[in-house]
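Letter by letter, the chains look like this.
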Amino acid sequence: MTTVVHDTIRVNAPLRQVYDQWTQFEEFPRFMHGVVAVERTDERHLHWRTNIAGIRREFDTEIVDQLPDERIAWRTVGGEPHQRGVVTFQPIDATHTRVRLAMDVEPEGLAEKAAAALGVVSARVSGDLQRFKHFVEDRHAATGAWRGRLRPGDATGPADATAAAQEPGAGPVPSAGTAPPSLDAPPGQQPMPPR
């Protein structure tokens, strides 16, 4: 059973500052509930340690697509939970940015499946975005930046992961040289990265 989570938030900060802060994955424990540590193992891969409701997990994610100031898409490549997602950034004006997050999460075990069914996952993501908003707005600059371009065709996940699995109604996952997804589309229409 896959849980699809969408949320959007307006951050009172310029696009570049908001995007740059998101790329500081090591800072995620400061605003993401249950995230104990995130370590960048190379430019494309991250190792996560979480503790949510007493359930400790370690897993690895791969950044499938990263286009500075527009989007970052990822998927798990080792460990549980199985998830994939995309976060997009859109300037509203010179000092405000819209952040949209769409994720597919496959809960493990009865407790996690029940929590997902009750909307706990959606509430946690919404809370994380609110804390990210405050984290960014409380600073005059990002704590760092990583502005590299990572293309989907260069992803190193399992061979079967190259198929473009996405949300119902979503277009294909963008590849190198293609136009980015429309940031004006409703969150349910944002493409998801391949599994």
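What you see is a predicted model, and the numbers here were worked out from it, not measured in a lab.

Peer 1: Looking at this model, I keep getting lost on the side chain of Asp65. Mind explaining?
Peer 2: Checked against the element boundaries, Asp65 lands in strand β4 (residues 55–67). A distance of 2.5 Å separates polar atoms of two side chains, one belonging to Asp65 and the other to Arg71. Here Arg149 takes part through its side chain, which lies 2.6 Å from a polar atom of the side chain of Asp65.

Peer 1: Can you help me understand the packing of aromatic side chains in this one?
Peer 2: Two measures describe an aromatic ring pair: the distance that separates the ring centres and the angle between the ring planes. For the coordinates displayed, the defined rule picks out ten aromatic pairs. Between the aromatic rings of Trp22 and Phe132, the centroid separation amounts to 4.9 Å while the plane-to-plane angle is 75 degrees, which identifies the pairing as edge-to-face. On the criterion of sequence distance, the pair formed by Trp22 in helix α1 (residues 15–22) and Phe132 in helix α3 (residues 120–137) is long-range, its members being 110 residues apart. Neither Trp22 nor Phe132 differs from the other in exposure class; each is buried. Where Phe31 meets Phe135, the ring centres are 5.4 Å apart and the plane angle is 45 degrees; that geometry is what we call tilted. Linking Phe31 in the loop between α1 and β2 (35–40) with Phe135 in helix α3, this pair joins segments that are 104 residues apart in sequence. With relative accessibility at 6%, the residue Phe135 sits in the buried group.

Peer 1: What exactly am I supposed to notice about the nonpolar core here?
Peer 2: Nonpolar side chains tend toward joint burial in soluble globular proteins. Within the largest apolar cluster, 33 residues are counted, with the highest numbers of intra-cluster contacts made by Trp22, Phe28 and Phe89. Among the elements that take part in this core, α3 stands out by supplying six residues, more than any other. If sequence neighbours within four positions are ignored, Phe28 has contacts with Trp22, Val35, Val38 and Trp48.

Peer 1: So what exactly am I meant to see when it comes to the pairing of strand β7 (residues 96–106) here?
Peer 2: The side chains of a regular strand alternate between both faces of the sheet. Of all eleven residues that make up β7, nine are buried, and the element is covered over most of its length. In this sheet, β7 lies alongside strand β1 (residues 3–11) in antiparallel orientation, the contact comprising nine bridges. Each bridged residue has a counterpart across the sheet, and for Thr8 the counterpart in β7 is Arg100. As judged from the eleven bridges shared by strand β6 (residues 82–93) and β7, these two strands associate in the antiparallel manner.

Peer 1: Sorry if this is basic, but what is going on with the layout of surface pockets here?
Peer 2: Unoccupied space between atoms shows up once a probe the size of one water molecule is rolled over them. Empty space within the largest pocket amounts to approximately 790 Å³. As for the largest pocket, its lining consists of 35 residues, and the residues nearest its centre are Ile52, Pro81, Gln83, Met103 and Arg124. Mapped onto the lining of the largest pocket, the elements with two or more residues apiece are β3 (45–52), β4, β5 (71–79), β7, α2 (109–117) and α3. Broken down by element, the lining of the largest pocket gets its largest block of residues, seven residues, from α3. Here the lining of the largest pocket is composed, by residue class, of 27 nonpolar, four polar and four charged.

Scoring rules and cut-offs
- Residues numbered from 1 in each chain as written.
- Predicted model: local features only at pLDDT ≥ 70, side-chain atom pairs only at ≥ 80, totals over all residues.
- Heavy atoms only, no water.
- Helix = DSSP H or I, 4+ residues; strand = E, 2+ residues; numbered from the N terminus.
- Polar contact = N/O pair within 3.5 Å; in protein donor to acceptor, adjacent residues only side chain to side chain.
- Phe/Tyr/Trp six-rings, centres within 6.5 Å; stacked < 30°, edge-to-face > 60°.
- Buried < 20%, exposed > 50% of the residue type's maximum accessible area, 1.4 Å probe, protein only.
- Core = buried A, V, L, I, M, F, W, Y, C linked by side-chain atoms within 4.5 Å.
- Contact = heavy atoms within 4.5 Å.
- Pairing = 2+ DSSP bridges.
- 1 Å grid on protein atoms, 1.4 Å probe; cavity = no way out; pocket = protein on both sides within 12 Å on 5 of 7 lines; lining within 4 Å.
- Points joined across faces, edges and corners; volume = space filled by probe spheres on them.
- Nonpolar A, V, L, I, M, F, W, Y, C, P; charged D, E, K, R; others polar.

Keep in mind that these numbers describe shape and distance, not what the molecule does.
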